[in-house]
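Inside the fold
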Amino acid sequence: MMHMRTFLYSIIDKAIFDYKLIEKGDRILVGASGGKDSTALIEYLVQRKKRADADFEFKALAIQSDFAPPFPQMVIDLFKEWNVDFEIMNVDVIGRLKPGRKMNCYWCSTQRRKELLHYAMDNGFNKIALGHHLDDFLETLIMNMTKKCTLTTMPPSLAFDNYPVTVIRPLCYAPENVIIEHGEKMGYLGFTCTCNYQENSERKTARKKLEVLTDGDSKIKQHMFESLKHIDPKYLP
């Protein structure tokens, strides 16, 4: 059986090759949450930097909201062990809410994304790397189909029209269960979002629908993702 670290890395390698996510001279800002996904991505970048042909830089940035638990010390210690350039930025997310508005996951993630974008532009990063995995892509697809009536999801690479920054998602081919097994093996699986607002997210419902649709089979999930590359308009309304 292939070593789990090597298996996850090979999946990320393929995504980076297919979508040209990392190119010569890139300066990449990685959104660090302290969870398994972004930590696995940062671990991968640390190892990729050791390759003879590596020609990119990266930094990890955590956007710490005013209501979220502190960034896990165990992950901070890992970053130190890996010699990762890491910074925590405190942001008053609740204070930005307009009168009458309620806090929710979408608002929080939007505010954190804005801070990543501003930091990237202010500090010369041309790419922002996020830790969305295969299941996230398909959950977003389901939410957009059932709530917005659109056949859309998160692209692995998205260049902003008005800003000199591209968002990349190198974990797009990685099923969540592979990342979970990897995180367990490496010892950093324990931290997840525990804020009081996550229950408002529709993503949990989409996650349940995805598991029913695929029976939790990673191969079927990969087929769903691949189907988005093979759309035939002749057989659509």
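This structure is a prediction, so every number in the text was calculated from the model and none was measured.

1. Some words on the pattern of salt bridges
- Taken as a whole and judged by the stated rule, the model has 14 salt bridges.
- The partner of Arg48 in a salt bridge is Asp13, and the shortest N-O contact between them spans 3.2 Å. Residue Arg48 is found in helix H2 (residues 36-48), and its partner Asp13 is found in helix H1 (residues 4-19); the two are separated by 35 residues along the sequence.
- Of the charged contacts in the structure, one is a salt bridge between Asp18 and Lys14, with a shortest N-O distance of 2.9 Å. Note that Asp18 and Lys14 are positioned in helix H1 at a spacing of four residues, about one turn of the helix.
- For Asp18, a relative accessible area of 32% translates into the label partly exposed.
- For Lys14, a relative accessible area of 47% corresponds to the partly exposed category.
- Within the structure, one salt-bridge network assembled from shared partners comprises Asp13, Arg48 and Arg51.

2. Focus: the side chain of Lys127
- Inspection of the secondary structure assignment puts Lys127 in strand E4 (residues 127-129).
- Residue contacts for Lys127: discarding those within four places in its chain leaves Lys20, Leu21, Ile22, Glu23, Asp26, Arg27, Ile28, Leu29, Val165, Thr166 and Ile168.

3. Description of a nonpolar patch on the surface
- On the surface, Met145, Leu151, Ile231 and Leu236 cluster together into a nonpolar patch covering about 370 Å² of accessible area.
- Looking at the element boundaries, Leu236 is found in the segment after helix H8 (218-227).

4. Some words on unusual backbone geometry
- In this structure, Lys20 is a non-glycine residue whose phi angle is positive, near 50°.
- Summarising the element assignment, Lys20 is placed in the loop between H1 and strand E1 (26-31).
- Backbone geometry at Cys149 places phi at a positive 60°, although glycine is not the residue there.
- Looking at where Cys149 falls in the secondary structure, it is placed in the loop between helix H5 (134-148) and strand E5 (157-159).
- When its relative accessible area of 71% is taken as the criterion, Cys149 is described as exposed.

5. So, the sheet that holds E4
- Reading across the sheet, the six strands line up as E3-E2-E1-E4-E6-E5 and stay open at both edges, with mixed pairing between neighbours. Each edge of the sheet is formed by a strand with only one pairing partner; in this case those strands are strand E3 (86-91) and E5. In this sheet, neighbouring strand axes are inclined to one another by 25° on average, regardless of whether the strands run parallel or antiparallel.
- Most of the contacts of H2 go to strand E2 (residues 56-65), to which it runs at about 160°, and overall it touches E1, E2 and E4.

Quick notes on the rules
Residues numbered from 1 in each chain as written. Predicted model: local features only at pLDDT ≥ 70, side-chain atom pairs only at ≥ 80, totals over all residues. Heavy atoms only, no water. Salt bridge = Lys/Arg side-chain N within 4 Å of Asp/Glu carboxyl O. Helix = DSSP H or I, 4+ residues; strand = E, 2+ residues; numbered from the N terminus. Buried < 20%, exposed > 50% of the residue type's maximum accessible area, 1.4 Å probe, protein only. Contact = heavy atoms within 4.5 Å. Patch = residues over 30% accessible without salt bridge, like charges linked within 9 Å, V, L, I, M, F, W, Y side chains within 5 Å. Areas by Shrake-Rupley, 256 points an atom, 1.4 Å probe, with all protein chains shown as cover. Pairing = 2+ DSSP bridges. Axes fitted to C-alpha atoms, helices over the stretch in contact; angles between N-to-C directions.

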